[in-house]
Amino acid sequence: MSLTLYNSLTRRESPFDPIEPSKVRMYCCGVTVYDYCHVGHARAYIVWDMVRRYLMWRGYSVRYVQNFTDIDDKILDRARETNSTMEAVAERFIDEYFADMDKLNILRADEYPRATHSIDGIKRLIHELENKGFAYANSGDVYYSVRKFDNYGKLSGRKLEEMEAGASGRLETAEIEAQKKQDSSDFALWKSAKPGEPFWESSWGKGRPGWHIECSAMVRDCLGETIDIHCGGSDLTFPHHENEIAQSEAATGKSLANYWMHNAFVTVNGRKMSKSLHNFITIRDLLEGNWSGELESDPPQPPLAKGGSKSENESALAKGGSKNQGDKSKAVEPMAVRLFVFMAQYRSQIDFTEDAIANAQNGWNTINEGLLFGLRYADKLNWDVEKTGQDTKAVEQFQAAMDNDFNTPAALAVLFELAKELGKESNVLVHQGKTETSPELLQLHWLTLVNLAGVLGLEVQPEADSDAAVGGLSDAEIEAMIQQRKDARIARNFAEGDRIRNELKDRGITLIDQKDGTTIWHRS
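Residues numbered from 1 in each chain as written. Predicted model: local features only at pLDDT ≥ 70, side-chain atom pairs only at ≥ 80, totals over all residues. Heavy atoms only, no water.

Observations concerning the overall build of the protein
Note the cut-off: Under the scheme used here, helices are H or I runs from DSSP no shorter than 4 residues and strands are E runs no shorter than 2 residues, and both carry numbers assigned from the N terminus. Each residue is placed in one exposure class: buried if its accessible area under a 1.4 Å probe, protein chains only, is under 20% of its type's maximum, exposed if it is over 50%, and partly exposed if it falls in between. Where accessible areas are quoted, they stem from the Shrake-Rupley method and a 1.4 Å probe; at the residue level, only the protein chains shown are allowed to cover.
Check the secondary structure of the protein and you find 16 helices and 15 strands. In the protein, buried positions account for 55% of the 524 residues. Carbon and sulfur atoms provide 47% of the accessible area of the protein, an area that totals close to 23400 Å².

Given below as structure tokens:
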């Protein structure tokens, strides 16, 4: 079965056919670095991480590029509010981005181009558009002439006459812009410098790039004129991705991307996530327990003092500021967040509720127990550490689901079936000292679960089940204490036997006395 995916450009599913056999060039629109990432960002970057991982699992060599927008009105506003600088704000929130994404087990991109590092490519592309008659300059600004591009609207399906005037996608002084534009639908490629703002020298005067031209330039500089997959949130379809297509294809005469992929929104309790609705949830709030089902308060703001001195705020940016201590009972495990995202197909809207997160946490507990099975019982079952192989049926079912436009709910069903079986056998092993299923078959199922879960980035950290997590006791030390308890009981020193049992319990070790006089144990 071939991999099929939904192409936003053609509005239908089609077989995936990369430009070069076995190679994939993939570009994802990244964040504007002026604030913490929220659960909507979490969904987007978990989804594209999953797509990338699956393509790699299917044997493709994937070059994955994701940009940072590090010059923008929102960044400049944050810098002014905090008496800081654009560079300091951008660096701070790039670091915060990586901190959040690393916790969510999102693979690092092969390259992270920044807008401010791509100015030469941006200016070169604007000049090409000018020379071909698709752009015009006016008083230090440069605009794209939308009506010159015949296919404008082909991605979003919008007709030009139906589009709102001045749809640049970013903050603008509307009246001044309207006077400079030849048509209300035109958008800025280059903006003349305003007093006190960063700028770069150009043939049009001092200024900075518009938002849309940045990605067009970075795609071409990093991946070439035509790529396989361009992805991002559905909110970027118009105007950002529509404008990218207009810019790039007018300049090169070639398709910018053969496949356009967009993930759907995350709602919160059935409503759009918004700071004004007080239901805005950052990734770190979720992971640290700084949220509630009612969502009655705004998330903590970056630790920068409004109106504080420049040196004080730059110092706070560099240090990262203080961190709130959340309610640990409300903290959500990173793997549960990934599972929450995969419980809906990526093009379907997903609603963030306490029940949904609780279900995801319970689901992760099930898969986690299955993943831990081999770490806990490999020695007891005398597994062959060099054994390889997969459960063919499970792998085929998983691949069929994922080949169907990344149907992760169906793929998860395969993981749950494997994990539940291993969980059942774990209980039998703990209480009876042996399993009902052959050790060889259990190992095959465990290897399959680890492999397929890894494709979705669902991975247990070994230290979660390590000796350190249970008081630093090794298997040999546990066995020695069990023998000491046995000796104490033989000597009728029951108090000492109870003391050893309680000490082991306090250190995460449960003992189960068998009818034949033996004692088996397991780590809690």
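Quick notes on the packing of helix H10 (residues 334-342) against helix H11 (residues 354-377)
Using the following cut-off: Note on geometry: axes are C-alpha line fits, over the in-contact stretch for helices, and angles between N-to-C directions span 0 to 180 degrees. For classification, angles of less than 35 degrees are called roughly parallel, those exceeding 145 degrees roughly antiparallel, those between 65 and 115 degrees roughly perpendicular, and all remaining angles oblique. Note: crossing handedness is left-handed where the near helix turns anticlockwise from the far helix by less than a right angle, and right-handed where it turns clockwise. Pairs of residues are marked as contacts when any of their non-hydrogen atoms sit within 4.5 Å. When residues are grouped by polarity, Ala, Val, Leu, Ile, Met, Phe, Trp, Tyr, Cys and Pro land in nonpolar, Asp, Glu, Lys and Arg in charged, and all others, Gly among them, in polar.
With their axes 8 Å apart at the nearest point, H10 and H11 run at an angle of 110° to one another. Between H10 and H11, the angle falls in the class roughly perpendicular. Once H10 is placed against H11, the crossing between them reads as right-handed. Touching Met 335, Ala 336, Leu 339 and Phe 340 of H10 are Ala 356, Ile 357, Ala 360, Gln 361, Gly 363, Trp 364 and Ile 367, all from H11. The residue inventory of the contact of H10 with H11, partitioned by class, reads 9 nonpolar, 2 polar and no charged.

Here's the deal with the pattern of salt bridges
As a reminder, the rule being used: Here, a salt bridge means any side-chain nitrogen of Lys or Arg that lies within 4 Å of a carboxyl oxygen of Asp or Glu.
Inspection of every chain in the model, using the stated rule, returns 31 salt bridges. The salt bridge involving Glu 96 is made with Arg 284; its shortest N-O contact spans 2.8 Å. Note that Glu 96 is positioned in helix H3 (residues 86-103) and Arg 284 in helix H8 (residues 283-288), a separation of 188 residues in sequence. When sorted by exposure, Glu 96 lands in the same class as Arg 284, which is buried.

Digging into the nonpolar core
Put simply, the test is: Definition of nonpolar core: a set of buried residues of the types Ala, Val, Leu, Ile, Met, Phe, Trp, Tyr and Cys, connected through side-chain atoms within 4.5 Å.
Ranked by internal contacts, the top residues of the largest apolar core, which has 143 residues, are Met 26, Trp 48, Leu 55, Tyr 144, Phe 352, Phe 406 and Leu 458. With 11 residues, helix H1 (residues 39-57) is the largest single contributor of residues to this core. Phe 406 has contacts with Leu 3, Leu 5, Met 50, Val 51, Tyr 54, Met 261, Gln 345, Tyr 346 and Ala 401, leaving out every residue within four places of it along the chain.

Brief notes about the confidence of the model for the protein
Filter applied, for reference: Per residue, pLDDT measures the predictor's confidence, with a range of 0 to 100.
The share of residues in the protein with pLDDT of 70 or more is 88%, and the mean pLDDT across the chain is 88. In the predicted structure, residues 318-323 sits below a pLDDT of 50 and forms 6 contacts with residues beyond four places in sequence or in another chain. Overall, residues 463-470 carries pLDDT values under 50, and its contacts beyond four positions in sequence, including any with other chains, amount to 14 contacts.

Observations regarding the sheet that holds strand E10 (residues 257-263)
In any sheet, the strands associate via hydrogen bonds between backbone groups, in a parallel or an antiparallel arrangement. Where we set the bar: The rule for pairing is simple: two strands pair if DSSP sees at least two bridges between them.
Spatially, the 4 strands line up as an open sheet ordered E4-E3-E9-E10, and their pairing is parallel. Looking along the sheet, the strands with just one partner apiece sit at the ends: strand E4 (61-66) and E10. For this sheet the average axis-to-axis angle between neighbouring strands, irrespective of direction, equals 20°. Relative to E4, strand E3 (residues 23-28) runs parallel, the two being bridged by 6 bridges. Paired with Lys 23 across the bridge in E4 is Ser 61. Each of E3, E4, strand E9 (227-233) and E10 is contacted by H1, which is oriented at about 135° to E10, the strand it contacts most. Helix H6 (residues 211-223) rests against E3, E4 and E9 of the sheet, and its axis sits at about 155° to E3.

Here we look at the packing of H11 against helix H13 (residues 408-432)
Two elements in contact, H11 and H13, have axes separated by 8 Å at closest approach and are oriented at 55°. By the angle between their directions, the pair H11 and H13 is classed as oblique. When the axes of H11 and H13 are compared, the crossing they make is left-handed. Between H11 and H13, the residues in contact are Gly 363, Thr 366, Ile 367, Gly 370, Phe 373 and Tyr 377 and Leu 415, Phe 416, Ala 419, Lys 420, Leu 422, Glu 425, Ser 426, Leu 429 and Val 430, respectively. Residues of the contact of H11 with H13, tallied by class, amount to 9 nonpolar, 4 polar and 2 charged.

Overview of helix H2 (residues 73-81)
Listed in full, the buried residues belonging to H2 are Asp 73, Ile 75, Leu 76, Arg 78 and Ala 79. Phi for Asn 83, located one or two positions after H2, is positive at around 55°.

Section: the environment of Ile 520
With respect to the secondary-structure elements, Ile 520 resides in strand E15 (residues 519-523). Residue classification places Ile 520 among the buried positions, given a relative accessible area of 19%. A C-alpha to C-alpha distance of 7.1 Å links Ile 520 and Val 430, two positions 90 residues apart in sequence. Excluding residues that lie within four positions of it along the chain, Ile 520 makes contacts with Leu 429, Val 430, His 431, Gln 432, Gly 433, Thr 510, Leu 511, Ile 512 and Gln 514.

Observations regarding the side chain of Lys 181
Convention followed: Each polar contact in these results corresponds to two N or O atoms within 3.5 Å; when the atoms are within protein, one needs to be able to donate a hydrogen and the other to accept it, and residues that are neighboring in sequence are counted only if both atoms are side-chain atoms.
Relative to the assigned elements, Lys 181 resides in the loop between helix H5 (174-180) and strand E7 (187-192). Relative accessible area serves as the criterion here: at 11%, Lys 181 is assigned to the buried category. At 3.0 Å, the side chain of Lys 181 and the backbone oxygen of Asp 186 are in polar contact.

Some words on unusual backbone geometry
Residue Pro 239 is reached from Phe 238 by a cis peptide bond, and omega for that bond is 5°. Examined against the element boundaries, Pro 239 turns out to sit in helix H7 (residues 237-252). Phi is positive for Arg 11, which is not a glycine, with a value near 60°. Phi at Asn 269 takes a positive value of approximately 50°, unusual for a residue other than glycine. The residue Asn 269 is located in the loop between strand E11 (266-268) and strand E12 (271-272) in this model.

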